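Examination of the molecular architecture
Each chain, written out:
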Amino acid sequence: MLEAILFTILAAAAVVTALLVILQRNPMVSAIFLILTFFCLAGIYLLLNAPFLAAIQILVYAGAIMVLFLFVIMLLNLERERKIITRHRLQKVFGVFLGLVLLIQIGSVFHSLFLTGEKGAFPPDKVAALGNTEVIARLLFTDFLLPFEITSVLLLVAIIGAIILAKREI
Amino acid sequence: MVPLSAYLVLSGILFSIGVIGFLVRRNLIVMFMSIELMLNAANLAFVAFSRYLNSMDGQIFVFFVMTVAAAEAAVGLAIILAVFRTKETVNADEINLLKW
């Protein structure tokens, strides 16, 4: 019962803040609302027995990535942008229409979904006994070792790419 | 217990909001934020399936998605900065040439 109440509150808050992200004119306010959406999602991860991901969500997404966004918004001088009156009304109507069609498609598929997949080896009580973070760490360094190492290479490439792109002369 | 479909429908709603934001908004930074929203919707579906199938693989995948999102944000924002430096705008309608 408590889970249902918490889910309802967090889901409603996530949808409202996500809508405010795309409805605000000022990108700074959008970024703040996106941080709130990430916090709601972190709460939902806690409901789904994923405390490690909830912590990572707040540290990496709400912390690192959104700070990067806020820095870039502050670096850019967007005063001129705000005065532009957006044209392309037809494009907006089409965009919203296509988005709603997508929503109906996704919703109808997900709503009538029956879970037929094979159950895995980690029921909640076993994960609780071992510890969520410990189970994830053990899997990362055994079964998923190669993707984990490739991820480190990806991050290195991203660092080098960002530095080269941000230099004065390209 | 909350049924799996509730989480998945929430994930679908968030994804659609991201798609609408990407199609409707013309500010490059807000479009980028919409992409982050879509990635988070996919993450939510991963975690929900992982919980209801008693498997940890979904949570590991979310870990990787977050790493890719961090790399993507770093490179993407650097590109936006470079575009702003040459064109003095972040409006997607005015950035219509590959080379200037």
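Residues numbered from 1 in each chain as written. Chains lettered and ligands numbered in written order. Predicted model: local features only at pLDDT ≥ 70, side-chain atom pairs only at ≥ 80, totals over all residues. Heavy atoms only, no water.

Attention now moves to the interface of chain A and chain B. Counting residues at the interface gives 86 residues for chain A and 73 residues for chain B. Buried surface at the junction of chain A and chain B, both sides included, amounts to about 7100 Å², of which 77% is carbon and sulfur. For chain A, the biggest contributors to the area lost against chain B are A:Ile22, A:Leu48 and A:Phe69; these three give 10% of the whole. The tally of links between chain A and chain B comes to 0 salt bridges. Within the residue set of the side of chain A that touches chain B, elements represented by two or more residues are helix H1 (2–23), helix H2 (27–47), helix H3 (51–75), helix H4 (79–83), helix H5 (89–111), helix H6 (124–130), helix H7 (132–141) and helix H8 (145–165) of chain A. No other element matches H5(A), which puts 12 residues into the side of chain A that touches chain B. Looking at side-chain class alone, the side of chain A that touches chain B contains 61 nonpolar, 16 polar and 9 charged residues. (Contact = heavy atoms within 4.5 Å. Buried area = accessible area lost by both parts, 1.4 Å probe. Salt bridge = Lys/Arg side-chain N within 4 Å of Asp/Glu carboxyl O. Helix = DSSP H or I, 4+ residues; strand = E, 2+ residues; numbered from the N terminus. Nonpolar A, V, L, I, M, F, W, Y, C, P; charged D, E, K, R; others polar.)

Once that is clear, we can look at a nonpolar patch on the surface. A cluster of nonpolar side chains, contributed by A:Leu90, A:Phe94, A:Phe97, A:Leu98, A:Val101, B:Phe22 and B:Leu23, occupies part of the molecular surface with about 650 Å² of accessible area. Elements supplying a minimum of two residues to the nonpolar patch: H5 of chain A together with helix H1 (4–24) of chain B. For the nonpolar patch, the leading source of residues is H5(A), giving 5 residues. Checked against the element boundaries, B:Phe22 lands in helix H1. (Patch = residues over 30% accessible without salt bridge, like charges linked within 9 Å, V, L, I, M, F, W, Y side chains within 5 Å. Areas by Shrake-Rupley, 256 points an atom, 1.4 Å probe, with all protein chains shown as cover.)

A word on H1(A). Between its terminal C-alpha atoms H1(A) stretches 32 Å, which fits the 32 Å expected from 22 residues at 1.5 Å a residue. Residues A:Phe7, A:Leu10, A:Ala11, A:Ala14, A:Val15, A:Thr17, A:Ala18, A:Val21 and A:Ile22 constitute the buried set of H1(A). Where H1(A) is buried, its residues meet H2 of chain A together with H1 and helix H2 (28–52) of chain B. (Expected span 1.5 Å × (residues − 1). Buried < 20%, exposed > 50% of the residue type's maximum accessible area, 1.4 Å probe, protein only.)

So, on to H8(A). A rise of 1.5 Å per residue sets the reference length of H8(A), with its 21 residues, at 30 Å; its end C-alpha atoms lie 30 Å apart and thus fit the reference within 8%. Residues of H8(A) that are buried: A:Thr151, A:Ala158 and A:Ala162. Looking down the long axis of H8(A), one finds its buried residues gathered within 25 degrees of arc, a one-sided arrangement. Exposed side chains of H8(A) directed beyond 90 degrees from the buried face belong to A:Leu146, A:Ile150, A:Val157 and A:Ile163. Packed against the buried residues of H8(A) are helix H3 (57–87) of chain B. (Arc of directions from axis to C-beta.)

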